[in-house]
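Structural characterization, general
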Amino acid sequence: MRVHLFFCAVFISLVSPSSALGWGTPHIAITKAALQALPPAQQKLLGLELKKLGEEYCLIPDHVYNDKENARFAKMESKPDVLYLLNLHLPAQQEGNLETLRYFMGKAVEALRAGKIGEAARFMGTVCHQLEDYGSPAHTVPGDNMFTLLQQFLPPSEGMKGQLLHSPIESGDLEVSIIGYQAKLLGVSVEEAAWRLLHRVNEGILNARSTTIPIIQALYAEDTNAVKKWQLKAATMDAQIVADALYTMLSLGSGKIGKEDRGALQKNQISTYFPLEAESLYYPQSQFFSKPNWGCPQSGLILAQGKQVTPLSLRIEDAGAVEVKTFAKGISAGMGRSLTFLLPNGVYQNFRVWAGLHPELGKQGRVEFAIIGDGKILESVIVDGSEPARLMQCEVSGLKKIELKLNTPRADGMKVDAKNNYAIWAEPTLLKK
Ligand SMILES: [Zn+2]
């Protein structure tokens, strides 16, 4: 992240030359670590550009004002007048982040296919920068990039009074290594890869958020080792994500995709993905529900009476016998609220999910489960708390979004207290066939 105000930029650059560059030198350490983890054939494909990608191209989005020659590799055709593209440094909402990732990944792959390795490496540098900045401990609080709000929660030590924290949080000499990490293929098309990379980098953002407060506390305590330890936690995961992205772009660009890699992508379970309602990857209070209790959607658990963590289980009918099965993957949610997920273009054909009520907590309940695609109901069922869960399936080809919605059905003379509507979406999965 570059400081926009000229005065600040000059001031900071006098204090420390690298501090105006976001991760600054760590960008280089992270990109190099990721490049080292690539298979030798991919390193060879990059040839002489490999070194430049690690040392220069990963900084292109920070240098657009000075490096006129390379600035075009950090520009989007849809935004021809924007030289400094903020979204390459700071995550916004998921749809915008996805658009940016998809665009630059697509450009890199296109250049690779045309044999233009130098251009491809520069676009890849831009993708690396975006991923690294999103996973930087200094880019973690939406709308508070200088931590002036966070410092009200964590008042500074005497020595740190008045300091802008952005640069101290992310600056330093880091030695990053992910030797032994096996980079993963994120998709067999740019569409699929960018979409899966979005969810991968969301994990990186959360990882970075977990380091920000410990780093600030270590800065106040002037504990340089602790600052470094927490920075490294963020940088290591960044390097793994960057390695996945580079591996994927180089695989797509060279057309060399292993069977095993391809097989692993046939289906995709989405219970840990953030829906669009979780703006900036958390649920704002407007997204809370009141029934079955006051709460927000949760992945992997359900809260009994709004407080007690309880595993997700459902009654499942198999060959005439009904048994209770516990699901590690799934989402509990409340009435009247939707969970909306972006879909990649032309990748998945079907969606499948178990819909039901928790066998103990929800046995007196009655819930309408609806799957909505681009605003139209694709499938809806009403499940009674005493019934087994239903396996819902629908076609999703061509859709941009799916929405999972829960409602208390109109009573039809039946008395339903929505407080018992402990609803669960278990194993929500997108399938290619
Ligand atoms: Zn930046």
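Residues numbered from 1 in each chain as written. Predicted model: local features only at pLDDT ≥ 70, side-chain atom pairs only at ≥ 80, totals over all residues.

For soluble globular proteins, nonpolar side chains are generally found buried alongside one another. Within the largest apolar cluster, 61 residues are counted, with the highest numbers of intra-cluster contacts made by Ala34, Met105, Ala108, Met124, Val127, Val242 and Leu246. Going through the elements one at a time, α2 (25-36), α5 (94-113), α6 (117-134), α9 (190-220) and α10 (224-254) are the ones with two or more residues in this core. Per-element tally for this core: the top contributor is α10, with 13 residues. Beyond its immediate stretch of four places on either side in the chain, Val242 contacts Ile30, Thr31, Ala34, Cys128, Leu131 and Glu132. (Core = buried A, V, L, I, M, F, W, Y, C linked by C-beta atoms within 7 Å. Buried ≥ 20, exposed ≤ 12 C-beta atoms within 10 Å, placed from the backbone. Helix = DSSP H or I, 4+ residues; strand = E, 2+ residues; numbered from the N terminus. Contact = placed C-beta atoms within 7 Å.)

Here the amide bond leading from Lys291 into Pro292 is cis, since omega sits at 10 degrees, within 30 degrees of zero. Structurally, the position occupied by Pro292 is in the loop between β1 (267-269) and β2 (298-299). Of note, Glu222 is a non-glycine position whose phi angle comes to about 55 degrees, a positive value. Note on placement: Glu222 falls in the loop between α9 and α10. Residue Glu222 is classed as exposed on the basis of its 11 C-beta neighbours within 10 Å. If you check the backbone angles, Leu281 has positive phi at about 65 degrees while not being a glycine. Its place among the elements puts Leu281 in the loop between β1 and β2.

Next up on the list: the domain arrangement of the chain. Here the chain is partitioned into domain 1 (6-259) and domain 2 (279-431). Of all elements in the fold, only α5 and α9 reach the threshold of two or more residues within the side of domain 1 that touches domain 2. Looking at the side of domain 1 that touches domain 2, the element that brings in the most residues is α9, giving six residues. Across the side of domain 1 that touches domain 2, the residue classes break down as five nonpolar, four polar and three charged. (Domains from an automatic or database assignment. Nonpolar A, V, L, I, M, F, W, Y, C, P; charged D, E, K, R; others polar.)

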